[in-house]
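Descriptive structure summary
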Amino acid sequence: MQNLIVSASPHQRSEMTTQKIMLRVIIALMPAVVASGIIFGVRAILLILLCASSCVVFEYLSRKLMRRSNTIYDLSAVVTGILLAMNLPPTLPFWMAIIGSFVSIVIVKQLFGGLGQNFANPAIVGRIVLMLSFTTQMTTWVKPFWYKTADLTTSPTPLSSSIEKLPSYLDLFLGTTGGCLGETCALALLIGGLYLAFTGIISLSTPVSFLGTLALLSLIGGADPLYQILSGGAMIGAFFMATDYATTPVTNKGKIIFGIGCGTITFLIRQFGSYPEGVSFSILLMNILTPYIDMLTKTKPLGAKKEARKNG
Amino acid sequence: MKRLNGIHLRHLKNTQDMKTVKLPLPDRVTILMSQNMGAECSPLVAIGEKVTVGQKIGDSSAFMSAPVHSSVSGTVVAIKEHLLANGGTCQALVIEADGKQTVSAEVVPPVINDKESLVAAVRQSGACGLGGAGFPTHIKLNFDEKTTPIDTLIINGAECEPYITADYRELMENPADVIGGARMLMNFLKIPKTKICIESNKPAAIEKLKKMTSSIPEIEIVPLPSKYPQGAEKVIIYSATGRIVKEGELPSAQGVIVMNVSTTAFIFRYSKTGMPLVSKRLTVDGDAVKKPCSVEVPIGTPISEVLSFAKAQDYEKILAGGPMMGLCIYDTSAPIVKTNNAILAFKKAKLPSSTACIRCGRCIKACPLDLMPEALEKAFDRRDLAALKELKVQLCMNCGCCTYVCPAKRPLAEKNQLAKLEVRN
């Protein structure tokens, strides 16, 4: 009798792996990476490389220290690193970016159990911690193409109330305006986001409900809806951060609720809060609500009969 | 009407155009006393006794049972215990074939003139669900027309698993038997309508049956989308009629019964010849099989003979059934049983190891019954029986879509089956 493998069915698996999913997200971020290099120069690219590599190193070291399996090859740390860098101003000191990576990977992700277990988006919390710790550096915006003219005078973000002249829709769409290095170019983000949607990595439910709610509320509240969508972190948040698997609801209904919540909170912070930008906070707050949204948006199995729930 | 979830698989129906060939008679067969869902049979013959083809050699008085018959003529040489895939055991008769294939005097066409005699004849034929489930057919047919009147007979020709073409070959080679079986069932069971459901990846069969039934208004040929698991009972009932079989219900509660194509054709042939279920058409395929084929095999033939007939070499894994729901064979000396429809042999069979769940939700989008495998796995891992019940783990039919699509390669369907056991106990 020869040795035969015995295992439970099914005996075949799809080609999709976690690594392939993360690779596609990285590919989808490439247009925005290139755009940031064009708009904000080599320093932007260096910042992205630094964040990505430090995230991988932190992932490796923390897993090693906790005696867990090495997970750097799933590429999720690379995604977190790029996303974090996208949310930083181009002139941020490098050591601060490394602190951001540490917070994202070690504190937010690995201390909660690693990929899939974290309750909040690592890159977003990384950004928020940097924002609260180094407010000046995190809100120092240089003008686009500053590296060509060596003009270090700062330009306020288009959402700030102190701005004198509003940038045009075209500037916002192409990203030739002040802001975080990866969030300004709506065009590049849109290309990447649609790539993810068409390859089935993300569902459009979240970005559409997020941006739709933001536009609708802005319209009602008297703000320019298109301007609100194109500026700040709305695009990168809606397509890349609010679609993070681990920290957002699993069902389609849940994703729509999540998007509406993000849009609403972003609008409220932008309109009534003292911060000019509310995307990060809105996603973080909705991350916290995700388990409850999941609880309320369970699917109804085909033909299931309702069971009388027992107390206890 | 909502479309049920499911997955698209490569069809790999390599044997679809191959005519069924007969396997050379094996020297000895091992006939299990438990081949269908329900009670095990007791042997009716003793060691040393001579038996003939079609002779009843095992039966049971239990309600949920079907008799077994000898597939060869020869001598009973042993009665032994056989280890089944589910870990249980059953008795098995080993019969040495004399090569003459003398047909038993018991083999005479049954007299069928009403529902009662049809049900009795179907029981005597040893029929059970040949699609793989092995539900004794006569029980299905013996529905109570007062409490659960049946208005539609569904003939399941979906055959949605990759590789398998056993039912397809039945449709292509014996379409008149399938139609005859359907008409016989409609006639004696007073069912007004039949829907023969075939996946759209079998256009030749659809065309053929449409032509043959064009003058029979009560039989409708229904092409179904090729989407796994189209052939699952609840799924095909929904696809064909839009009716939902509720938790704990039998299809008859929704006015339908579902019969497999091969079962239907077999019952029809039995009504004409009286030859009980003693052989089975198998698809033999897989990447370790050099000569894929469709082969008719006497029940009880060792799987090793089927494999060597199809020139299977260097295999690491043998499946009885398809790659999605088939059972692994641990010993190739095990015999063919009534419910087998394919023997597949694979070279590289190592499955990828699993990584952390990333909550991508692909399993939820794949589940045809709208279960939440992701939540079920977590509930099972913490042995939360209340949550498992609330998430309706008992509805899982182990189609395997969730495990198939999982990018983290987690054994979701497998855990659901373990969870079902825990919930039941």
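Reading guide: rules and limits
- Residues numbered from 1 in each chain as written.
- Chains lettered and ligands numbered in written order.
- Predicted model: local features only at pLDDT ≥ 70, side-chain atom pairs only at ≥ 80, totals over all residues.
- Heavy atoms only, no water.
- Helix = DSSP H or I, 4+ residues; strand = E, 2+ residues; numbered from the N terminus.
- Pairing = 2+ DSSP bridges.
- Domains from an automatic or database assignment.
- Contact = heavy atoms within 4.5 Å.
- Salt bridge = Lys/Arg side-chain N within 4 Å of Asp/Glu carboxyl O.
- Polar contact = N/O pair within 3.5 Å; in protein donor to acceptor, adjacent residues only side chain to side chain.
- Axes fitted to C-alpha atoms, helices over the stretch in contact; angles between N-to-C directions.
- Phe/Tyr/Trp six-rings, centres within 6.5 Å; stacked < 30°, edge-to-face > 60°.
- Buried < 20%, exposed > 50% of the residue type's maximum accessible area, 1.4 Å probe, protein only.
- Lys NZ or Arg CZ within 6 Å of the ring centre and 35° of its normal.

**Some remarks on unusual backbone geometry**
The linkage connecting S9 of chain A with the following residue, P10 of chain A, adopts the cis geometry, with an omega of -5°. Tracing the backbone through its elements, the reader meets P10 of chain A in the segment before α1 (18–40). With an omega of -5°, the peptide bond between Y228 of chain B and P229 of chain B qualifies as cis. In this fold, P229 of chain B is placed in the loop between β11 (219–224) and α6 (233–241). In this model, R359 of chain B sits at a positive phi of 60°, which is unusual for a non-glycine residue.

**Describing the sheet that holds strand β8 (residues 89–97) of chain B**
All names here are of chain B. The strand order across the open sheet formed by four strands is β2-β8-β7-β4, and the pairing between neighbours is antiparallel. Here the strands that pair on one side only, and so sit at the sheet edges, are β2 (28–32) and β4 (50–51). In this sheet, strand β7 (residues 74–83) lies alongside β4 in antiparallel orientation, the contact comprising two bridges. Across the sheet, residue V51 finds its bridge partner in β7, namely G74.

**Details of the domain arrangement of chain B**
Residues and elements named next belong to chain B. Each domain of chain B was delimited in the assignment, giving domain 1 (115–273) and domain 2 (362–424). Computed over C-alpha atoms only, the centres of domain 1 and domain 2 are separated by 29 Å. In this complex, domain 1 contributes six residues to the contact, which on the side of domain 2 involves eight residues. Joining domain 1 to domain 2, the criterion identifies one salt bridge. For E247, the salt bridge is made with K392, and the minimal N-O distance between the two is 3.2 Å. On inspection of domain 1 and its partner domain 2, the count reaches three residue pairs in polar contact (both at pLDDT 80 or more).

**Topic: the sheet that holds strand β10 (residues 193–199) of chain B**
Residue and element names in this part refer to chain B. With parallel pairing, four strands are arranged side by side in an open sheet as β11-β10-β9-β12. Strands with a single pairing partner mark the edges of an open sheet, and in this sheet they are β11 and β12 (256–260). Taken over all neighbouring pairs, the strand axes of this sheet differ in orientation by 25° on average, direction set aside. Here strand β9 (residues 152–157) runs beside β10; their pairing, made up of six bridges, is parallel. Residue pairing for β10: G157 is matched across the bridge by I198. Lying on the sheet, helix α4 (residues 175–189) is in contact with β9, β10, β11 and β12; it crosses β9 at an angle near 160°. Packing of helix α7 (residues 261–273) onto the sheet brings it into contact with β9 and β12, and relative to β12 it is tilted by some 85°.

**As for the pattern of salt bridges**
Residues and elements named next belong to chain B. The full count for this structure, using the stated rule, is 25 salt bridges over all chains. The closest approach of N and O atoms between E145 and K115, which form a salt bridge, is 2.6 Å. Linking E145 in the loop between α2 (137–141) and β9 with K115 in helix α1 (residues 115–124), this pair joins segments that are 30 residues apart in sequence. Several salt bridges converge on common partners, so that one network encompasses R169, E170, E173, D177, R269 and R281.

**Some points on the packing of aromatic side chains**
In this structure the tally under the stated criterion is six aromatic pairs over all chains. Seen in terms of ring centroids, F112 of chain A and F119 of chain A are 5.0 Å apart; in terms of plane orientation they differ by 70°. Their pairing is edge-to-face. Classification of F112 of chain A as partly exposed rests on a relative accessible area of 43%. Taking relative accessible area as the criterion, F119 of chain A reaches 39% and is therefore assigned partly exposed. Between the aromatic rings of F266 of chain B and Y270 of chain B, the centroid separation amounts to 6.3 Å while the plane-to-plane angle is 35°, which identifies the pairing as tilted. Of this pair, F266 of chain B and Y270 of chain B both sit in helix α7, four residues apart, which is roughly one turn of that helix. Given the relative accessible area of 9%, Y270 of chain B is considered buried. Across the ring face of F94 of chain A, the terminal group of R43 of chain A is positioned such that the distance to the ring centre comes to 4.3 Å. In this structure, R383 of chain B is placed above the aromatic ring of F380 of chain B, and the distance from its NZ or CZ to the ring centre is 4.1 Å.

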